[in-house]
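Coordinates in review
The residues making up each chain are set out below.
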Amino acid sequence: MLQPLRILFRPKWMVSRSSASYVSRMRHLNKIKEEDEACRAALQSGNIFLYHKLAPLLRRTDSGIYQLPALQTKDVEGILEKLGEDKEMVKESILINCTEQNKAQFSFDVGAIEQTAVEELCRGTFVDLRKAFFLLRGSEAPLVARGQALLRWHQTNGFCSFSGQPTHRNQSGSQRVCHSSGITYYPKMSPVVIVLVSDGKRCLLGRQSTFPRGMYSALAGFCDIGETMEEALRREIAEEVGLEVESIQYSGSQHWPFPQSSFMVACHATVNPDKTQVSVDKVELEDARWFSLEEVQEALTFKAPPRNNKGEPTVFWVPPSYAIANRLIQEWANQQHLKS
């Protein structure tokens, strides 16, 4: 039987804050999201994060730390003019969020402009998002992921799926409308279950052929239409590794920008310790196997992908700290410590 879901940790955003200020900020964000004039005014005083073909702009400090530079709108307009572009292009920016001081934050893709020219003027480098996750601080990673996801959604939803006619965005980019069919489209995420399976002493991790060499992660799969989260989790584990889940515990959730913006629902699951024989579906996974606490602890020490030189044994490692898979693995390791 599946056990009732329970929260294993308290999300960081639930630590003390003024509920009044939070409500005020959310209402301000909703206003600039829904009202074009309010959004245009917010853009003039807001911050913009630049992307080039969906790769975010990062800036390395003198101390070697990478940061996500928040550019002022007037600065971006100046950069566009210096490169011979129309500064009005900045109005194509997409609203991401707003700070606790109610300063609006936008994402803007300059992929049509020569990359090195923008990098030189901005004193930064456009970095692939997967690599950026290893370079940014924890608070910046969700922001840059959300910005990229919204930009990609607009790039791939320019036409109505019913009429085939162009769709048109509002100023904030929170929706697109087809004037022919009358359909309004909103950015969406695909629900995905991600689960760390344990037999009580070991945890089960798998890898796809597309993963970087040596990296293993928690098992994951998309929810089918009509499925509950529990049903999807049990099915995925049965399909991918041939095991039957006995219990489930909810851990948390996360937006993940790959492959096309996913909503990750993370859980821990247990299997009967006497029924742990893994049967890998090679269509879904390249490999899956059980790992001991000692192996997991060593993998968690890597803050960046280890060097896997040819001719040498492959080094086992896990996803970066920002990924919810890492959090599941860390939680399991902590629970194992409490048992010992």
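What you see is a predicted model, and the numbers here were worked out from it, not measured in a lab. (Residues numbered from 1 in each chain as written. Predicted model: local features only at pLDDT ≥ 70, side-chain atom pairs only at ≥ 80, totals over all residues. Heavy atoms only, no water.)

1. Thoughts on the domain arrangement of the protein chain
Segmenting the protein chain into domains produces domain 1 (19-156), domain 2 (158-187) and domain 3 (190-339). Computed from C-alpha coordinates alone, the two centres of domain 1 and domain 3 are separated by 32 Å. Contacts between the two partners involve 11 residues from domain 1, matched on the other side by 13 residues from domain 3. The contact between domain 1 and domain 3 buries some 1000 Å² in all, and 73% of this surface belongs to carbon and sulfur atoms. Inspection of the region where domain 1 meets domain 3 yields zero salt bridges. Across the domain 1-domain 3 interface, the total number found is one residue pair in polar contact (both at pLDDT 80 or more). (Domains from an automatic or database assignment. Contact = heavy atoms within 4.5 Å. Buried area = accessible area lost by both parts, 1.4 Å probe. Salt bridge = Lys/Arg side-chain N within 4 Å of Asp/Glu carboxyl O. Polar contact = N/O pair within 3.5 Å; in protein donor to acceptor, adjacent residues only side chain to side chain.)

2. Looking at the side chain of Ser-93
If you trace the backbone, Ser-93 turns up in the loop between α3 (73-82) and β5 (94-98). Here Ser-93 falls in the buried class, since its relative accessible area comes to 1%. Within the local environment of Ser-93, its side chain forms a polar contact with the backbone oxygen of Val-90, the two atoms lying 2.7 Å apart. Here Ser-93 is in contact with Leu-43, Ile-48, Phe-106, Ser-107, Phe-108, Arg-169 and Gln-171, once residues within four sequence places are set aside. (Helix = DSSP H or I, 4+ residues; strand = E, 2+ residues; numbered from the N terminus. Buried < 20%, exposed > 50% of the residue type's maximum accessible area, 1.4 Å probe, protein only.)

3. Looking at helix α9 (residues 324-339)
The end-to-end C-alpha separation of α9 is 23 Å, in line with the 22 Å expected for 16 residues at 1.5 Å each. Among all positions of α9, only Ile-324, Ala-325, Asn-326, Leu-328, Ile-329, Glu-331, Trp-332, Ala-333 and Gln-336 are buried. For α9, the secondary structure elements touched by its buried residues are β11 (190-198), β12 (203-207), β14 (245-256), β15 (262-271), β16 (287-291) and α8 (293-300). (Expected span 1.5 Å × (residues − 1).)

4. Focus: the layout of surface pockets
Considered as a void within the structure, the second largest pocket measures approximately 880 Å³ in volume. Lining the second largest pocket are 37 residues, and of these Arg-130, Gln-208, Phe-211, Met-215 and Trp-256 lie nearest its centre. Taken together, the residues of the lining of the second largest pocket break down into 23 nonpolar, seven polar and seven charged. In this structure, the lining of the second largest pocket is formed jointly by two domains, domain 1 (19-156) and domain 3 (190-339), each of which donates at least three residues. (1 Å grid on protein atoms, 1.4 Å probe; cavity = no way out; pocket = protein on both sides within 12 Å on 5 of 7 lines; lining within 4 Å. Points joined across faces, edges and corners; volume = space filled by probe spheres on them. Nonpolar A, V, L, I, M, F, W, Y, C, P; charged D, E, K, R; others polar.)

5. Regarding the pairing of β15
Taken across its 10 residues, β15 has eight buried, putting it largely inside the fold. The pairing of β11 with β15 spans nine bridges and is classified as parallel. Paired with Leu-196 across the two strands is His-268, which belongs to β15. Note: β14 against β15, 10 bridges, orientation antiparallel. Bridging from a neighbouring strand, His-255 pairs with Phe-263 of β15. Between the antiparallel neighbours β14 and β15 lie five residues, among them Ser-261 with a positive phi of about 75°. (Pairing = 2+ DSSP bridges.)

6. Considering the environment of Glu-286
Mapped onto the elements of the fold, Glu-286 is located in the loop between β15 and β16. The class for Glu-286 is partly exposed, based on a relative accessible area of 38%. When the C-alpha positions of Glu-286 and Thr-210 are compared, they lie 8.9 Å apart, and in sequence the two are 76 residues distant. Not counting residues within four places of it along the chain, the set of residues in contact with Glu-286 comprises Arg-207, Gln-208 and Ser-209. At a separation of 2.7 Å, a polar atom in the side chain of Glu-286 contacts the side chain of Arg-207.

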